[in-house]
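# Fold and geometry: a report
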Amino acid sequence: PVTGSASPTVFLAAEGTFSGLHVDFLHTHFWMTLCHGHKRWRVVPRDDLALLYPRYLCDLNPCFPTGLDEAERAAVAEYNEM
């Protein structure tokens, strides 16, 4: 795997800013803190990543055709059809 360091790094964003599902493909393991506002943190086990249908377009950083909420709704609907 590719490894690297993202420290020190500061992320600043305006109110209402968000990011889609993403992966720390550099395996940086850095600490994150939120100074103001709210953020929803969701962690997916590495072994479950394939269940989100990642696409690798031009590098090792995958993009996802669906977010976790949509994937959860689809899984519940599929379960209910059984």
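Going by the structure above, here's the rest.
Remember, it's a predicted structure, so these values are computed and weren't measured experimentally.

Reading guide: rules and limits
Residues numbered from 1 in each chain as written. Predicted model: local features only at pLDDT ≥ 70, side-chain atom pairs only at ≥ 80, totals over all residues. Heavy atoms only, no water. Helix = DSSP H or I, 4+ residues; strand = E, 2+ residues; numbered from the N terminus. Rg over C-alpha atoms; globule rule 2.2 N^0.38 Å. Buried < 20%, exposed > 50% of the residue type's maximum accessible area, 1.4 Å probe, protein only. Contact = heavy atoms within 4.5 Å. Lys, Arg positive; Asp, Glu negative; His and termini not counted. Charge placed at Lys NZ, Arg CZ, Asp CG, Glu CD. Salt bridge = Lys/Arg side-chain N within 4 Å of Asp/Glu carboxyl O. Patch = residues over 30% accessible without salt bridge, like charges linked within 9 Å, V, L, I, M, F, W, Y side chains within 5 Å. Areas by Shrake-Rupley, 256 points an atom, 1.4 Å probe, with all protein chains shown as cover. Phe/Tyr/Trp six-rings, centres within 6.5 Å; stacked < 30°, edge-to-face > 60°. Lys NZ or Arg CZ within 6 Å of the ring centre and 35° of its normal.

Let us look at the overall build of the protein. A tally of regular secondary structure across the protein gives one helix and zero strands. For 82 residues, the compact-globule formula gives about 12 Å, and the C-alpha radius of gyration of the protein, at 15 Å, lies well above that figure. A principal-axis box enclosing the C-alpha atoms of the protein has dimensions of 50 × 35 × 20 Å. Burial analysis of the protein (82 residues in total) assigns 7% to the buried set. Here the analysis covers contacts within the protein between residues at least 6 apart in sequence; of these, 44% occur between residues at least 24 apart. Taken together, the 6 basic and 10 acidic charged side chains of the protein have centroids lying 3 Å from each other.

What follows deals with the pattern of salt bridges. Counting across every chain of the model gives three salt bridges. Of the charged contacts in the structure, one is a salt bridge between Asp 69 and Arg 40, with a shortest N-O distance of 3.5 Å. Of this pair, Asp 69 sits in helix α1 (residues 68–80) while Arg 40 sits in the segment before α1, placing them 29 residues apart in sequence. Classification of Arg 40 by relative accessible area gives exposed; the value is 57%. In the salt-bridge network here, residues are joined through shared partners; they are Arg 40, Arg 42 and Asp 69.

The subject of this paragraph is a nonpolar patch on the surface. A cluster of nonpolar side chains, contributed by Phe 11, Phe 30, Met 32 and Trp 41, occupies part of the molecular surface with about 440 Å² of accessible area. Secondary-structure assignment places Trp 41 in the segment before α1. Overall, Trp 41 belongs to the partly exposed group, its relative accessible area being 48%.

Once that is clear, we can look at the environment of Glu 72. Relative to the helices and strands, Glu 72 is located in helix α1. Under the relative-accessibility criterion, Glu 72 is labelled partly exposed at 47%. Each C-alpha atom, one on Glu 72 and one on Thr 17, is 23 Å from the other, the two residues being 55 residues apart in sequence.

With that out of the way, let us pick up the packing of aromatic side chains. Tallied over the full model, the rule gives zero aromatic pairs. Cation over ring: Lys 39 sits above Trp 41, and NZ or CZ is 4.9 Å from the ring centre.

The next point concerns the environment of Arg 55. With respect to the secondary-structure elements, Arg 55 resides in the segment before α1. Look at Arg 55 and you get partly exposed, because its relative accessible area is 48%. Linking Arg 55 and Pro 65, residues ten residues apart in sequence, is a C-alpha distance of 7.7 Å. If we ignore the near neighbours within four places in the chain, the residues touching Arg 55 are Asn 61, Pro 62, Cys 63 and Pro 65.

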